[in-house]
Amino acid sequence: MVKIYRLILLLFISVVTINAQDITVQSYTDSASYYVGDYIQLHLELKYSKSIKPIIPAVKDSVKELEFIKNLPIEKKEDGENVIEKHTFIFSKYDSAEIKIPPIIIYYTQGNSADQKQTQTSEIKLSVKKILVNADEEIKDVKEPLEISLSPWIIILIVVGVLLLALLGYYLYSRYQKKKANILPEEKPIYIPAYNIALEALQSLEGRKLWQQGLIKEYHTEITEIIRRYIEADFNIPAMEITSGELMISLSEVITEDKEILDSANRFFENADMVKFAKFNPMPKVNEEMMAQAYDFVKKAKEIKERNNGVAING
Amino acid sequence: MDITVLNERIRKESEFIDVLFHEISKAIVGQKNMVEKLVVGLLSNGHVLLEGVPGLAKTLAIKSLSSVMKANFQRIQFTPDLLPADLLGTLIYNQKDGNFTIKKGPIFSNFILADEINRAPAKVQSALLEAMQERQVTISDTTFQLDEPFLVLATQNPIEQEGTYPLPEAQVDRFMLKIKITYPSKEEELKIMRMYTNDISENINAVVTKEDIIRARKVVKDIYIDEKVEKYILDIVFATRNPADYGLNELTDLISYGASPRATLNLANGAKSMAFIKRRGYVVPEDVRSICADVMRHRIAVTYEAEAQEINSDAIIQKILNKVEVP
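Residues numbered from 1 in each chain as written. Chains lettered and ligands numbered in written order. Predicted model: local features only at pLDDT ≥ 70, side-chain atom pairs only at ≥ 80, totals over all residues. Heavy atoms only, no water.

### Section: the overall build of chain A
Here's step 1: Helix and strand content of chain A: 8 helices and 11 strands.
Here's step 2: Split into buried and exposed, the 315 residues of chain A put 32% on the buried side.
Here's step 3: Sequence-distant contacts in chain A: of pairs separated by 6 or more residues, those separated by 24 or more amount to 63%.
Here's step 4: Surface accessibility of chain A: about 21,400 Å² in total, with carbon and sulfur atoms responsible for 57%. (Helix = DSSP H or I, 4+ residues; strand = E, 2+ residues; numbered from the N terminus. Buried < 20%, exposed > 50% of the residue type's maximum accessible area, 1.4 Å probe, protein only. Contact = heavy atoms within 4.5 Å. Areas by Shrake-Rupley, 256 points an atom, 1.4 Å probe, with all protein chains shown as cover.)

Quick look at the structure:
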């Protein structure tokens, strides 16, 4: 018990009051003993008559043994003819030490006088200690999270929220179903066999009478293109990207039993190449024969494809 | 120009082609593509670089080609200590009369075999490639025009890199064709084995004159190339530069730079020579395709990405040929 009294006495010993004529200043801390890392609040209280103008020093720079953290707002109030002003500075210390906070000097002037007078607080002694760890104690787990009991209102709120979400989902789903029902079924693309496309293109070319108008090169270019596109579609040969020679080699690999059609195709492409690349001007009869050869090739090639596939090609 | 007349001229001027192929076949078994491309180089007045692993008859093919010709031939073995003067010639001091006289180097020949060109340092390569381009050599203050035909046939080995000086892209571009030689087939190798183990190889006769080549070159120049084929050539070359324009987006990141206008010229000239070999007075797309890889493979630079994916310029050219529409 005696020890406790001594401790309380020690705490208040640090509180020192300085009395000047019309100004009183005092500084104190909340405690005389702190642990490492604790916030140390240093209070500076001034009580002075209204005619006095005190100058508050930069306390954070004066206390070099402590780490300055921040200032708290200044509390100022009037008490009759006097003013009571309280400054609070927060410091900390990150190592154990015995600290001495030096006296804080307050300068002031009185009335209209330019003379500067001074008064000061007393020195404060503090002790910063390490946290004692008992190595013999069992290592404990971190604390469990706090259990918060749900109030019935929160449960009701959750249930209502889930119901609202379910209703919104049902509404959106039924809207989507209605929309889907209104969309017309996609039309299947009409499949036109390559054979028909080729025959139609040949008829069209024949009708345009290109070579009769002197457009012989254009005629031969188009007629070979029609046949090449047909071969590409029905025989899966990249006929548009290969030369006539390469095309004949590829064709001879798929048309094995009919040498006649291959010979005819070879003549057809050779003639066309002569016109396309060698400025060859064939007789009108040759131009007519080219068309006949083209029709013949498409028809025979179709039969070969049917035989190879074992099914008839539509059209 | 009348194609019939041109065809007749070609028939007359190309008579030596069959004889040439026949004579070369006395020493070279198979490798038809390589021999054909060597003749393309000869007819197009373009130098040829042969690349292949050792033992594929690169040197023998060039020696055989030169043996068929009644023309001067020099073989220069490129080594790391070769000097430009060893190639071009130099000034020799004559002690008797106290004057300097010019001693011409082996480059003053019609056919030069630059064997293992990548074994000589850059200054020698550069001296040769300058002569190839300018077709003239300057020794001291005197400039000498090289004789026509002047053809450099160089070889290089792609697998040995130690102690070699790889030709820079700008210098490789001087070669009209870069021919890659592959292994012969089983049947061809059997023939080679029998021919050389039983010593049944025949002597090659010099049957082609310089004048034959010069006349043939004039005919080659006259061969007709239609605008459709010209457009096809342009499409192929431009596809190497802007592959996306030809639906080849996948090649955009694989090509660091595309073929130069020199590739366009060489494609057109090479295609004409191919038409000549096939006895045609006009070029067909097939002629372009048959020389396309040899003209372009050393003119397309692939990116690091392509190298990482083991995609070379040959694969890129093949993709382009498969995509660009044939006229």
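### Notes on the overall build of chain B
Here's step 1: A count of helices and strands for chain B gives 14 helices and 13 strands.
Here's step 2: Per-residue burial over chain B gives 51% buried out of 327 residues.
Here's step 3: Sequence separation of at least 24 residues holds for 78% of the intrachain contacts in chain B that already meet a minimum separation of 6.
Here's step 4: Accessible surface, chain B: about 15,400 Å² in total, of which carbon and sulfur atoms supply 49%.

### So, the nonpolar core
Here's step 1: Residues Leu-20, Leu-43, Ile-236, Leu-267, Phe-276, Val-288 and Met-296 of chain B are the most contacted members of the largest nonpolar core, which totals 79 residues.
Here's step 2: In this structure Met-296 of chain B touches Ile-236, Val-237, Thr-240, Ala-259, Ala-263, Leu-267 and Ile-317 of chain B, once residues within four positions along its chain are discounted. (Core = buried A, V, L, I, M, F, W, Y, C linked by side-chain atoms within 4.5 Å.)

### Some remarks on a nonpolar patch on the surface
Here's step 1: A cluster of nonpolar residues, Leu-150, Ile-154, Ile-155, Ile-158, Val-159, Val-162 and Leu-163 of chain A, forms a patch on the protein surface that exposes about 650 Å² of accessible area.
Here's step 2: Relative to the elements of secondary structure, Ile-154 of chain A occurs in helix α3 (residues 152–182). (Patch = residues over 30% accessible without salt bridge, like charges linked within 9 Å, V, L, I, M, F, W, Y side chains within 5 Å. Salt bridge = Lys/Arg side-chain N within 4 Å of Asp/Glu carboxyl O.)

### Quick notes on the side chain of His-220 of chain A
Residues and elements named next belong to chain A.
Here's step 1: Structurally, His-220 is set in helix α5 (residues 216–235).
Here's step 2: For His-220, a relative accessible area of 0% puts it in the buried group.
Here's step 3: Once residues lying within four places of it in the same chain are set aside, the contact partners of His-220 are Ala-272, Val-275, Lys-276, Pro-282, Asn-287 and Met-290.

### Some details on the interface of chain A and chain B
Here's step 1: On the chain B side, the residues contacting the 16 residues of chain A number 19 residues.
Here's step 2: Taken as a group, Glu-241, Phe-277 and Lys-279 of chain A account for 42% of the area that chain A buries against chain B, more than any other trio of residues on that side.
Here's step 3: For the pair chain A and chain B, the number of links is 2 salt bridges.
Here's step 4: Where Glu-246 of chain A meets Arg-289 of chain B, a salt bridge forms, and the shortest distance between an N and an O atom there is 3.0 Å.
Here's step 5: Within the residue set of the side of chain A that touches chain B, elements represented by two or more residues are α5, α6 (244–254) and α7 (259–278) of chain A.
Here's step 6: In terms of residue count, α7 of chain A provides more of the side of chain A that touches chain B than any other element does, 5 residues in total.
Here's step 7: Residues belonging to the side of chain A that touches chain B are distributed by class as follows: 5 nonpolar, 4 polar and 7 charged. (Buried area = accessible area lost by both parts, 1.4 Å probe. Nonpolar A, V, L, I, M, F, W, Y, C, P; charged D, E, K, R; others polar.)

### A few points about the pattern of salt bridges
Here's step 1: On inspection of all chains with the given rule, the structure shows 27 salt bridges over all chains.
Here's step 2: As a salt-bridge pair, Lys-300 of chain A and Asp-296 of chain A come within 3.4 Å of each other at their nearest N and O atoms. One end of the pair, Lys-300 of chain A, and the other, Asp-296 of chain A, are both in helix α8 (residues 284–309), 4 residues apart, so they sit about a helical turn from each other.
Here's step 3: What makes Lys-300 of chain A partly exposed here is its relative accessible area of 24%.
Here's step 4: Between Asp-235 of chain B and Lys-231 of chain B there is a salt bridge whose closest N-O contact spans 2.9 Å. Here Asp-235 of chain B pairs with Lys-231 of chain B, and both are found in helix α10 (residues 227–241), just 4 residues apart, close to one helical turn.
Here's step 5: Taken together, the salt bridges that share partners define one network made up of Lys-37, Asp-294, Arg-297 and Asp-314 of chain B.

### Details of the sheet that holds strand β3 (residues 73–77) of chain B
All names here are of chain B.
Here's step 1: Spatially, the 5 strands line up as an open sheet ordered β3-β6-β9-β1-β10, and their pairing is parallel. What marks the edges here is a single partner per strand, and that holds for β3 and β10 (177–180). Going from strand to strand, the sheet's axes swing by 15° on average, the running direction of each strand aside. (Pairing = 2+ DSSP bridges. Axes fitted to C-alpha atoms, helices over the stretch in contact; angles between N-to-C directions.)

### A few points about the sheet that holds strand β8 (residues 97–101) of chain A
Strand pairing in a sheet relies on backbone hydrogen bonds, with the paired strands running either antiparallel or parallel.
All names here are of chain A.
Here's step 1: The sheet built from 3 strands is open, its strands ordered β3-β11-β8 with mixed pairing. Each of the sheet's edge strands pairs with one partner strand only, and the pair in question is β3 (33–35) and β8. Neighbour-to-neighbour, the strand axes of this sheet turn through a mean angle of 30°, independent of strand direction.

### Let's talk about the packing of aromatic side chains
Here's step 1: By the definition in use, this model includes 5 aromatic pairs over all chains.
Here's step 2: Considering the side-chain rings of Tyr-93 of chain B and Phe-100 of chain B, the 5.2 Å spacing of their centres and the 55° angle between planes classify their relative orientation as tilted.
Here's step 3: The class of Phe-100 of chain B is exposed, set by a relative accessible area of 56%.
Here's step 4: If you follow Lys-302 of chain A out to its NZ or CZ, it ends over the ring of Tyr-195 of chain A, 4.4 Å from the centre.
Here's step 5: For Arg-280 of chain B, the ring lying beneath its charged end belongs to Tyr-282 of chain B, and the centroid distance is 5.8 Å. (Phe/Tyr/Trp six-rings, centres within 6.5 Å; stacked < 30°, edge-to-face > 60°. Lys NZ or Arg CZ within 6 Å of the ring centre and 35° of its normal.)

### Concerning the packing of α10 of chain B against helix α11 (residues 261–277) of chain B
Residue and element names in this part refer to chain B.
Here's step 1: Contact geometry for α10 and α11: axes closest at 10 Å, N-to-C directions at 150°. Compared by their axis directions, α10 and α11 come out roughly antiparallel. As for the relative orientation of α10 and α11, their crossing is right-handed in sense. On the side of α10, the interface is formed by Ile-233, Leu-234, Val-237 and Arg-241, while α11 contributes Pro-261, Thr-264, Leu-267 and Ala-268.
Here's step 2: Split into classes, the residues belonging to the contact of α10 with α11 amount to 6 nonpolar, 1 polar and 1 charged. (Parallel < 35°, antiparallel > 145°, perpendicular 65-115°, else oblique. Left-handed = near helix turned anticlockwise from the far one by under 90°.)

### So, the side chain of Glu-85 of chain A
All names here are of chain A.
Here's step 1: Positionally, Glu-85 belongs in strand β7 (residues 82–92).
Here's step 2: Here Glu-85 is buried and forms no salt bridge, its nearest opposite-charge partner Lys-76 lying at an N-O distance of 4.1 Å.
Here's step 3: A polar side-chain atom of Glu-85 sits 2.5 Å from a polar atom in the side chain of Tyr-48.
Here's step 4: A polar contact is formed between the side chain of Glu-85 and the side chain of His-87, at a distance of 2.6 Å. (Lys, Arg positive; Asp, Glu negative; His and termini not counted. Polar contact = N/O pair within 3.5 Å; in protein donor to acceptor, adjacent residues only side chain to side chain.)

So, to be careful, I would describe these as geometric facts and stop short of saying anything about function.
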